[in-house]
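Close look at the chain arrangement
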Amino acid sequence: MKSRSIEIKWGILFGIIGLIWMLLEKSMGLHDENIEKHAIYTNFFGILAIITYVVALLDKRKNHYNGFMSWKQGFVSGLIISIIVAVLTPITQYIVHTFISPDFFTNMQSHAVDTGKMTKEAAEKYFSLGSYILQSAVFALVAGAITAAIVALFVRKKPKNRSEPEA
């Protein structure tokens, strides 16, 4: 377990960053009076997610692999972070929708129905805690795996071959 402590740390930090983002969204009115803008602004969290994965894999490279890391090692590390985030999803979603923004689902259901994007029944099914837990967990795994694969390309570092002359 010691060898995966960095991934555990960053998986938990990712969850905390997500909760802080939800507080920011709520404070900007994106869960109530500015709900029509929610779909646009919530996507900016992706930037924080990518930055978090970059810093996490750099941490792993520096503190576990002594400054060097293959793509595979980085990808596996990022995938483990994604799994941890997915496992924490029920807890983080519960916190968001119980304490941070308890009216979010009701507001989103009303907005979807009022704008003609969904029927009342579809909105109630889609905008619910169970649905969001499932959506978030699947998204954490898929988006996390893709992010890990791409970020690992950029943070990989091979040791210099000592027999090659330096330029």
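Residues numbered from 1 in each chain as written. Predicted model: local features only at pLDDT ≥ 70, side-chain atom pairs only at ≥ 80, totals over all residues. Heavy atoms only, no water.

Now for the overall build of the chain. Counting secondary structure elements, the chain contains seven helices and zero strands. Its helices and strands taken in sequence order, the chain reads α-α-α-α-α-α-α from the N to the C terminus. Relative to a compact globule of 167 residues, whose C-alpha radius of gyration would be 15 Å, the chain shows 19 Å and is clearly more extended. Taken over the C-alpha atoms alone, the chain extends approximately 70 × 35 × 25 Å along its principal axes. Taken over 167 residues, the chain has a buried fraction of 38%. Of the accessible surface of the chain, which amounts to about 10,200 Å², a share of 67% is contributed by carbon and sulfur atoms. Where the 17 positive side-chain charges of the chain centre and where its 12 negative ones centre are 16 Å apart. (Helix = DSSP H or I, 4+ residues; strand = E, 2+ residues; numbered from the N terminus. Rg over C-alpha atoms; globule rule 2.2 N^0.38 Å. Buried < 20%, exposed > 50% of the residue type's maximum accessible area, 1.4 Å probe, protein only. Areas by Shrake-Rupley, 256 points an atom, 1.4 Å probe, with all protein chains shown as cover. Lys, Arg positive; Asp, Glu negative; His and termini not counted. Charge placed at Lys NZ, Arg CZ, Asp CG, Glu CD.)

Its volume calculated, the largest pocket comes out at about 1,200 Å³. Taken together, 45 residues line the largest pocket, and the ones lying closest to its centre are Met22, Thr42, Phe45, Ser136 and Phe139. Looking at the lining of the largest pocket, the elements with two or more residues in it are α1 (5-27), α2 (38-41), α3 (45-63), α4 (71-100), α5 (104-114) and α7 (129-155). Looking at side-chain class alone, the lining of the largest pocket contains 24 nonpolar, 18 polar and three charged residues. (1 Å grid on protein atoms, 1.4 Å probe; cavity = no way out; pocket = protein on both sides within 12 Å on 5 of 7 lines; lining within 4 Å. Points joined across faces, edges and corners; volume = space filled by probe spheres on them. Nonpolar A, V, L, I, M, F, W, Y, C, P; charged D, E, K, R; others polar.)

Quick look at the packing of aromatic side chains now. Inspection of the entire model under this criterion finds twelve aromatic pairs. Here the aromatic rings of Phe14 and Phe45 are separated by 5.6 Å at their centres, their planes lie at 85 degrees, and the arrangement is edge-to-face. Within this pair, whereas Phe14 is found in helix α1, its partner Phe45 is found in helix α3, the two being separated by 31 residues in sequence. In terms of burial, Phe14 and Phe45 fall into one category: buried. With a centroid separation of 6.2 Å and 45 degrees between ring planes, the pair formed by Phe127 and Tyr132 is classed as tilted. Ring-pair connections join several aromatic residues into one group, and the members of that group are Phe104, Phe105, Tyr126, Phe127 and Tyr132. (Phe/Tyr/Trp six-rings, centres within 6.5 Å; stacked < 30°, edge-to-face > 60°.)

What follows is about the environment of Pro102. With respect to the secondary-structure elements, Pro102 resides in the loop between α4 and α5. When its relative accessible area of 48% is taken as the criterion, Pro102 is described as partly exposed. Spatially, the C-alpha atom of Pro102 lies 35 Å from that of Val151, the residues being 49 residues apart in sequence. In this structure Pro102 touches Val96 and His97, once residues within four positions along its chain are discounted. (Contact = heavy atoms within 4.5 Å.)

Let us look at the pattern of salt bridges. Tallied over the full model, the rule gives five salt bridges. Glu7 is the salt-bridge partner of Arg4, the closest N and O atoms lying 2.9 Å from each other. Lys26 serves as the salt-bridge partner of Asp32, at 2.9 Å between the closest nitrogen and oxygen. Judged by relative accessible area, which is 25%, Asp32 ranks as partly exposed. Through salt bridges with shared partners, a single ionic network connects Arg4, Glu7 and Lys60. (Salt bridge = Lys/Arg side-chain N within 4 Å of Asp/Glu carboxyl O.)

With that settled, consider unusual backbone geometry. Unlike most non-glycine residues, Asn66 shows phi in positive territory, near 55 degrees. Take Asn66: it is sitting in the loop between α3 and α4. Here Asn66 falls in the exposed class, since its relative accessible area comes to 65%.

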